[in-house]
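Each chain, written out:
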Amino acid sequence: MTAGKPNRCPCCGQLFSGVKLKVSLEHNTAFADNRCVTMPPTPAEIVYAILQVNPAPLARARLIQRVIPQSSRSKNADGQVRTQVYIARRYLEKIGYTIRHESLRGYRVVKL
């Protein structure tokens, strides 16, 4: 992609910002643009899972399947994921990114 041209999703053609964010699950860190932030393991796993399908959004049900083990899922798994996404947002904001929730579609990592 050339400078000045907007990025488009190859599947749906929707505009998106180019995400250059990387996550290390080994060290529970997220880094971009020479900035780094260390976060707890679950928020790091959430960011990693969302980035695997970026620029497409990741549905909350899929996120629950990827992040919360079957043996420890409770009736409040939805609330657990919402809380962990909130925590992940706070860490990502320190390096210029956030997690956007798109109604009826899911979560997506975007640059602030």
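Conventions adopted
- Residue positions are given per chain, counted from 1 along the sequence in the order it is written.
- At least 70 in pLDDT is required for a residue's local features to be given in this predicted model, at least 80 for side-chain atom pairs to be given and counted, and no such filter applies to totals for whole chains, interfaces and linings, which use all residues.
- Note that water and hydrogens are dropped before the side-chain values are worked out from all heavy atoms of the structure.
- Segments assigned H or I by DSSP are reported as helices when at least four residues long, segments assigned E as strands when at least two residues long, and all are numbered from the N terminus.
- Any residue under 20% of the maximum accessible area for its type is buried, any over 50% is exposed, and the rest in between are partly exposed; the area is computed with a 1.4 Å probe on protein chains only.
- In summary, the charge assignment counts Lys and Arg as positive and Asp and Glu as negative, without counting His or the chain termini.
- Any Lys or Arg side-chain nitrogen located within 4 Å of an Asp or Glu carboxyl oxygen qualifies as a salt bridge.
- Residues belong to one nonpolar core when they are buried, are Ala, Val, Leu, Ile, Met, Phe, Trp, Tyr or Cys, and are joined through side-chain atoms within 4.5 Å.
- Whether two residues touch is decided by their heavy atoms; if any such pair falls within 4.5 Å, the residues are in contact.
- pLDDT is a per-residue confidence score from the predictor, ranging from 0 to 100.
- Expected helix span is given by 1.5 Å per residue-to-residue step, counting one fewer step than there are residues.
- Here the arc refers to the set of directions running from the helix axis out to each C-beta atom.
- Only the stretch in contact is used when fitting a helix axis, every axis being a line fitted to C-alpha atoms; angles between N-to-C directions are given from 0 to 180 degrees.
- Here roughly perpendicular refers to angles of 65 to 115 degrees, roughly parallel to angles under 35, roughly antiparallel to angles over 145, and oblique to all remaining angles.
- In this classification, the charged set is Asp, Glu, Lys and Arg, the nonpolar set is Ala, Val, Leu, Ile, Met, Phe, Trp, Tyr, Cys and Pro, and all remaining amino acids, among them Gly, are polar.

1. Overview of the side chain of Arg89
Point 1. Within the secondary structure, Arg89 is located in helix α3 (residues 77-93).
Point 2. For the buried residue Arg89, which engages in no salt bridge, the nearest side chain bearing the opposite charge is Glu93, 6.4 Å off.

2. Quick word on the nonpolar core
Point 1. Formed by 27 residues in total, the largest nonpolar core has its most connected members in Leu21, Ala30, Val47, Ile50, Leu63, Leu92 and Ile99.
Point 2. Elements with a contribution of two residues or more to this core: β4 (29-32), α1 (41-53), α2 (60-67), α3, β6 (97-102) and β7 (106-111).
Point 3. With six residues, the single largest contributor to this core is α1.
Point 4. Ignoring any residue separated from it by four or fewer positions in sequence, one finds Ile99 in contact with Val47, Ile50, Val85, Ala88, Arg89, Leu92, Tyr107, Arg108 and Val109.

3. As for the confidence of the model for the chain
Point 1. On average, the chain scores 82 in pLDDT, and the residues at 70 or more come to 83%.
Point 2. Ranking the helices and strands of the chain by mean pLDDT puts α1 first, with 94, and strand β1 (residues 7-8) last, with 52.
Point 3. For the stretch residues 1-5, pLDDT sits under 50, and the model shows one contact to residues farther than four places along the chain or on other chains.

4. Thoughts on unusual backbone geometry
Point 1. Here the bond from Asn54 into Pro55 is cis, since omega is 15 degrees, no more than 30 degrees from zero.
Point 2. Position of Pro55 among the secondary structure elements: in the loop between α1 and α2.
Point 3. Despite not being glycine, Asn28 shows a phi value in the positive range, around 55 degrees.
Point 4. Mapped onto the secondary structure, Asn28 falls in the loop between β3 (22-24) and β4.

5. Some details on α3
Point 1. Look at α3: 24 Å from first C-alpha to last across 17 residues, which is about the 24 Å you get at 1.5 Å a residue.
Point 2. When we look at burial in α3, the residues that qualify are Ala77, Val81, Val85, Ala88, Arg89 and Leu92. The buried residues of α3 occupy an angular sector of 120 degrees when projected down its axis, which confines them to one face.
Point 3. Along its buried surface, α3 packs onto β4, α1, α2, β6 and β7.

6. A short note on the packing of α1 against α3
Point 1. The geometry of α1 relative to α3 is characterised by a closest axis approach of 9 Å and an angle of 85 degrees between their N-to-C directions. With respect to α3, the axis of α1 lies roughly perpendicular. Between α1 and α3, the residues in contact are Thr42, Pro43, Ile46 and Val47 and Val81, Gln84, Val85, Ile87, Ala88 and Leu92, respectively.
Point 2. For the contact of α1 with α3, the class distribution of residues is eight nonpolar, two polar and no charged.

7. Focus: the environment of Tyr91
Point 1. Tracing the sequence through the fold places Tyr91 in helix α3.
Point 2. The class for Tyr91 is partly exposed, based on a relative accessible area of 23%.
Point 3. With near-sequence residues (within four places) excluded, Tyr91 lies in contact with Val37, Thr38, Met39 and Pro40.

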